[in-house]
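Below, each chain spelled out in residue letters.
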Amino acid sequence: MKILLIGSGGREHAMAWKIKQSPLCDELIVAPGNAGIAQIATCVPIPAENIAELVALSQNEKIDFAIVGPEAPLVLGLADELCNLGIPVFGPSAAAAQLEGSKGFMKDLCKKYNIPTASYERFTDLNEALNYINKLGAPIVIKADGLAAGKGVVVAMTLDEAIAATKDMLSGNAFGQAGASIVIEEFMDGEEISYFAICDGENLLPLISAQDHKRVGDGDTGPNTGGMGAYSPARLMTPAMEQEILENILKPTVSAMKAEGCPFTGVFFAGIMVVNDVPKLLEYNVRFGDPECQTLMMRLKSDLVEILYAAAIKKLDTVKADWSENPSLCVVMAAKGYPGSYTKNTPIRNLETAAKIDGVNIFHAGTALKDGEIVSIGGRVLGITASGSTVTEAREKAYAAVDALDWPEGFCRRDIAWRALSSDAAK
Ligand code: AMP
Ligand code: GLY
């Protein structure tokens, strides 16, 4: 097959690395890709949001199978357009991508089909929103309805914060149209896990769990980021917990999406909050998590292309996914200053030496090749990913690779997987 993969992050580098190992893959084109992906595939400089050019590329290159990494092109209808041309595609239709594209859609679906999630109301009117906030009290969570580059959620610990966030969003100042409608919901106190499952509209193929680290600083301090590191499996994931997530959350969602006339094809990324041992749905994303995906790809023993293609052609019941028992762990290296402003175009050296450490893969995100050197061009820049027979071993390898790099302008958290390592569960 000639495969087109869309995206440019660490998630896509990890997927490209697995796709290239598939006997089904004759050629891999990635749009737009990054400097790491360019070492293993052909990169075409079309941004992931440029639907028209991606469609034209798929036709001109006679693509046999398209795999969409990020959410934006899905919400914009890329999968629909490719399907209409008869090109099999992994990723949901625009209607089904509303699970991530509209928090209100996702919450209403949960309410209608009894899927456990935080209680909530939707608002477009400021006074009504403020009344609700005053009634519920803090802590309370304010969410922009639409896509806001992962920044549309404010967990307000005080009423003042909640009121300020609500005014900011509804006025259009914070996120434009994406914030013109909001969800206000109950604060859930618990531990988060990311759980993944693939769907072909009908059949569900459970994958595995991971745990992200969203705050920029050690000990979960400082502002939120896209994710500073992950490990798999998440420490709270037991067979019983997995069953509960599948039976109470994912399977009802598959039926609900069908019943609503928008069957879901692609990967469910369920953000789960475990509250007193009970899993509740925080949110859905319609793509793999980044950096969770890097840890998943390291553990997947099966052929990724076979699985994703089976989902695209609605034959998911014919495949299974085998996983390594060995845990994996990804440390994200970001440019100093991230998630605030940061410098670009700083050279990253010793990548090859670091990648030689046994069990380590370095997945690129915001990198480019300039004058023969790899330089940083984004906030999150590298995902140093390792597997080991224990979380401790995977972590030691990943940080050994971090320490082998020569990139003074970069930084990382030093405590990835601290929850797993502070309990006995994953040792
Ligand atoms: P997101 O940016 O949508 O991935 O989510 C932002 C983060 O906000 C989540 O990962 C949670 O940490 C937090 N969050 C979202 N909803 C709630 C809630 N109802 N209770 C507590 N924390 C929440
Ligand atoms: N790591 C969280 C996300 O991909 O949204």
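The shown structure was predicted, so the numbers you read here are calculated from the model rather than taken from an experiment. (Residues numbered from 1 in each chain as written. Chains lettered and ligands numbered in written order. Predicted model: local features only at pLDDT ≥ 70, side-chain atom pairs only at ≥ 80, totals over all residues. Heavy atoms only, no water.)

Caption draft 1: Up close: the overall build of the chain. The helix and strand tally for the chain stands at 14 helices and 22 strands. A compact globule built from 427 residues would reach a C-alpha radius of gyration of about 22 Å, and the chain, at 21 Å, matches this within 12%. Expressed as lengths along the three principal axes of its C-alpha atoms, the size of the chain is roughly 60 × 45 × 45 Å. Taken over 427 residues, the chain has a buried fraction of 57%. Considering only residue pairs separated by 6 or more positions, the chain has 67% of its internal contacts joining residues 24 or more positions apart. Only carbon and sulfur atoms are counted for the fraction: they give 49% of the accessible area of the chain, which is about 17,000 Å². Each charge sign in the chain was given a centre, from 38 positive and 53 negative side chains, and these centres are 1 Å apart. (Helix = DSSP H or I, 4+ residues; strand = E, 2+ residues; numbered from the N terminus. Rg over C-alpha atoms; globule rule 2.2 N^0.38 Å. Buried < 20%, exposed > 50% of the residue type's maximum accessible area, 1.4 Å probe, protein only. Contact = heavy atoms within 4.5 Å. Areas by Shrake-Rupley, 256 points an atom, 1.4 Å probe, with all protein chains shown as cover. Lys, Arg positive; Asp, Glu negative; His and termini not counted. Charge placed at Lys NZ, Arg CZ, Asp CG, Glu CD.)

Caption draft 2: Expanded view of the site of ligand 1. Neighbouring ligand 1 are 16 residues, the closest being Glu 185, Glu 186, Met 188, Glu 192 and Glu 283. Side-chain polar atom of Glu 192 to an oxygen atom of ligand 1: 2.3 Å apart, as the coordinates give it. Listed by contribution, the elements that provide at least two residues to the shell around ligand 1 are strand E7 (140-144), strand E8 (153-156), strand E9 (182-186) and strand E16 (278-285). Looking at the shell around ligand 1, its residues break down into eight nonpolar, one polar and seven charged. (Near = heavy atom within 4 Å. Polar contact = N/O pair within 3.5 Å; in protein donor to acceptor, adjacent residues only side chain to side chain. Nonpolar A, V, L, I, M, F, W, Y, C, P; charged D, E, K, R; others polar.)

Caption draft 3: The environment of Cys 25, seen in detail. One can find Cys 25 in the loop between helix H1 (10-19) and strand E2 (27-32). Here the alpha-carbon distance between Cys 25 and Glu 61, two residues 36 residues apart in the chain, equals 15 Å. Not counting residues up to four positions away in its chain, the partners in contact with Cys 25 are Met 1, Ile 3 and Ile 19.

Caption draft 4: Inspection of the pattern of salt bridges at higher detail. Counted according to the given criterion, the structure contains 23 salt bridges. Note that Glu 202 and Lys 258 form a salt bridge whose closest N and O atoms lie 2.9 Å from each other. With a gap of 56 residues between them, Glu 202 in the loop between strand E10 (191-200) and strand E11 (204-212) and Lys 258 in helix H9 (residues 239-259) connect regions that are remote in the sequence. Linking Arg 349 and Glu 373 is a salt bridge whose minimum nitrogen-to-oxygen distance equals 2.6 Å. Residue Arg 349 is found in the loop between strand E17 (328-335) and helix H12 (351-355), and its partner Glu 373 is found in strand E20 (residues 373-376); the two are separated by 24 residues along the sequence. (Salt bridge = Lys/Arg side-chain N within 4 Å of Asp/Glu carboxyl O.)

Caption draft 5: Molecular detail of the nonpolar core. Counting residues in each nonpolar core, the largest one holds 50 residues, and the members touching the most others are Leu 99, Leu 281 and Tyr 284. The greatest single-element share of this core, amounting to eight residues, is contributed by H9. Once residues within four sequence positions are removed from consideration, Leu 281 is found in contact with Met 106, Cys 110, Ile 115, Pro 116, Thr 117, Ala 118, Met 188, Ile 249, Ala 270, Gly 271 and Ile 272. Ranked by size, the runner-up nonpolar core spans 41 residues in total, among them Leu 28, Ile 37, Phe 196 and Val 267. (Core = buried A, V, L, I, M, F, W, Y, C linked by side-chain atoms within 4.5 Å.)

Caption draft 6: Inspection of the site of ligand 2 at higher detail. In the vicinity of ligand 2, the contacting residues are Asp 212, Gly 226, Phe 269, Arg 287, Gly 289, Asp 290, Pro 291 and Glu 292. One nitrogen or oxygen atom from the side chain of Arg 287 is found 2.9 Å from an oxygen atom belonging to ligand 2. A distance of 2.7 Å separates a nitrogen atom of ligand 2 from a polar side-chain atom of Glu 292. Against a free-state accessible area of 200 Å², the protein chains account for coverage of 87% of ligand 2. Considering only residue class, the shell around ligand 2 consists of two nonpolar, two polar and four charged.

These figures come from the coordinates and say nothing about function on their own.
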